[in-house]
Amino acid sequence: MLSTYGIVTRFYVLFFLYPYNLSVDCAVSEEENYYNGFSLLYNKGNHESFNTVLVKDMYSYPKECYDILQSFSQSASNLTMCSILNARPVRLCEKCVDHYVCFRNKYQELLKTVVNGTSCRSVFMSHDRLNVVLQYHDSISAVWEKGNCNNCFNWTDNKPVIKNDINHFITLFNDTMNCFSNNYDPENNNTVCEKCMQFYLQLDSFYATLSTDSIGVDSVCMDIVDSMNATRSIWSKTFNCCKLRITPEIIFLCSAGLISLLPLIFYVSVRYCGPIRDLPKVLKQSRIKQTILRSVNSRQD
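An account of the accompanying structure is given in this report. Computed from a prediction, not measured in an experiment: that's the story for all the values here. (Residues numbered from 1 in each chain as written. Predicted model: local features only at pLDDT ≥ 70, side-chain atom pairs only at ≥ 80, totals over all residues. Heavy atoms only, no water.)

Tracing the backbone shows D223 in helix α11 (residues 222-238). R91 provides the closest opposite charge to the buried, salt-bridge-free D223, at an N-O distance of 5.5 Å. The residues contacting D223, other than those within four sequence positions of it, are V90, R91, L92, C93 and E94. (Helix = DSSP H or I, 4+ residues; strand = E, 2+ residues; numbered from the N terminus. Buried < 20%, exposed > 50% of the residue type's maximum accessible area, 1.4 Å probe, protein only. Lys, Arg positive; Asp, Glu negative; His and termini not counted. Salt bridge = Lys/Arg side-chain N within 4 Å of Asp/Glu carboxyl O. Contact = heavy atoms within 4.5 Å.)

Before going further, it helps to examine the packing of aromatic side chains. Remark: the centre distance and the inter-plane angle together describe each pair of aromatic rings, the angle taken between the planes. Under the definition given, this model contains 11 aromatic pairs. Where Y200 meets W235, the ring centres are 4.4 Å apart and the plane angle is 5°; that geometry is what we call stacked. Here W235 lies in helix α11 and Y200 lies in helix α10 (residues 190-208), a separation of 35 residues in the sequence. Assigned by exposure class, Y200 and W235 land together as buried. Following the ring pairs from residue to residue traces out a cluster consisting of F180, Y184, Y200, W235 and F239. (Phe/Tyr/Trp six-rings, centres within 6.5 Å; stacked < 30°, edge-to-face > 60°.)

It is worth spelling out a nonpolar patch on the surface at this point. A surface patch of nonpolar side chains, about 490 Å² in accessible area, is lined by I259, L261, L262, L264 and I265. Within the secondary structure layout, L262 lies in helix α12 (residues 246-272). (Patch = residues over 30% accessible without salt bridge, like charges linked within 9 Å, V, L, I, M, F, W, Y side chains within 5 Å. Areas by Shrake-Rupley, 256 points an atom, 1.4 Å probe, with all protein chains shown as cover.)

For the rest of this paragraph, the subject is helix α4 (residues 63-85). In this model α4 runs 33 Å from its N-terminal to its C-terminal C-alpha over 23 residues, within 8% of the 33 Å that 1.5 Å per residue would give. Residues of α4 that are buried sit in contact with α5 (92-95), α6 (97-112), β1 (114-115), α7 (120-124) and α8 (132-146). (Expected span 1.5 Å × (residues − 1).)

Of the strand pairs in this sheet, strand β3 (residues 153-156) and strand β4 (residues 159-162) are connected by four bridges, and their pairing is antiparallel. Its bridge partner lying in β4, W155 is registered against P160. The antiparallel hairpin formed by β3 and β4 contains two residues in its connecting segment, where D157 sits at a positive phi of about 55°. (Pairing = 2+ DSSP bridges.)

Turning our attention to the packing of helix α9 (residues 164-182) against α10. A packed helix pair is summarised by two numbers, namely the angle formed by the two axes and the spacing between the axes. Running from N to C, α9 and α10 cross one another at 165°; their axes reach a closest spacing of 9 Å. As the angle between them shows, α9 and α10 are arranged roughly antiparallel. You can see that α9 and α10 cross each other, and the crossing is left-handed. Facing D165, H168, F169, L172, F173, D175, T176, C179 and F180 of α9, the residues of α10 in contact are V192, K195, C196, F199, Y200, Q202, L203, F206 and Y207. (Axes fitted to C-alpha atoms, helices over the stretch in contact; angles between N-to-C directions. Parallel < 35°, antiparallel > 145°, perpendicular 65-115°, else oblique. Left-handed = near helix turned anticlockwise from the far one by under 90°.)

A word on the state of the cysteines. Under the defined criterion, the tally for this structure stands at six disulfides. Covalently, C152 is tied to C221 through a disulfide, its sulfur atoms 1.7 Å apart. Where C152 bonds to C221 through sulfur, the torsion about that S-S bond is close to 65°, and the disulfide is right-handed. You can see C152 sitting in the loop between α8 and β3 and its partner C221 sitting in the loop between α10 and α11, a full 69 residues away along the chain. A residue is classified by how much of its surface remains accessible, and C152, at 5% relative accessible area, is buried. For C193, the disulfide goes to C241, at an S-S distance of 2.0 Å. Taking the torsion about the sulfur-sulfur bond, which here is approximately -80°, the covalent link between C193 and C241 counts as left-handed. Of this pair, C193 sits in helix α10 while C241 sits in the loop between α11 and α12; the two residues are 48 residues apart in sequence, bridging distant segments of the chain. If the cysteines joined by disulfides in the chain are listed in sequence order, their pairing comes out as 1-5, 2-4, 3-6, 7-11, 8-10, 9-12. Unpaired in terms of disulfides, C242 finds its nearest cysteine sulfur in C241, a separation of 7.3 Å. A relative accessible area of 39% means that C242 is categorised as partly exposed. (Disulfide = S-S within 2.5 Å.)

Set out below in structure tokens:
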């Protein structure tokens, strides 16, 4: 038989747990999530009609605004996924531009749409410190802006068209990579270095014209920066082609060293040259003779 303490304990457990549903149902429909958000704050007694009226008064908004919000959230999801999948190598600007245009347009539609005097912007933004819609928009846009992706395109009527200089860089880049691929020899990298030198130098020189600085991170879109960095890494580290410049550098350094030594050689030669070396003795002897002559002349007087 159970003790009195055990019976009382079970009674309290059943009493407090029975009215509550402890299971969690994740398959909540959008309508339930939309209309029953206030049930957490007021759910006592049989006041369902009052709750429904109160929820609709405080949290209802035009269905058109909710449809735009759904489209915006989907476009944000698509752009985020595309950005992550094209993180390495960086092809964010090229592969995700359509998703970005849709994301930007849906956000502008959310800001500007007014339904029966109700602004969708006033419904979803600036009502709490989270400000979820604005925060996610700014966070996602920051990735696009940090990559300078807009600089890859000319925006005509809000439609992106790849710039001519970007197309030209892509052509030079493809030619360089094709040269690497066609002349690659695992046992002899000199073949690639010699045959592809002109392609690489042409690509590197044109890249330098795309920006006012030599790095280009402040104005060139990230796809181009990453492509150039990868090309330089392959050229210098994989193929070790920079060694072809060692001989000219040695000649230059030897010439510079020799020129810098010329003044020292001149002064040393002057110091130890025969005729000039005896000059101090000559001067000393002439001074002695002058002293003797002066003493003789003074005695004669």
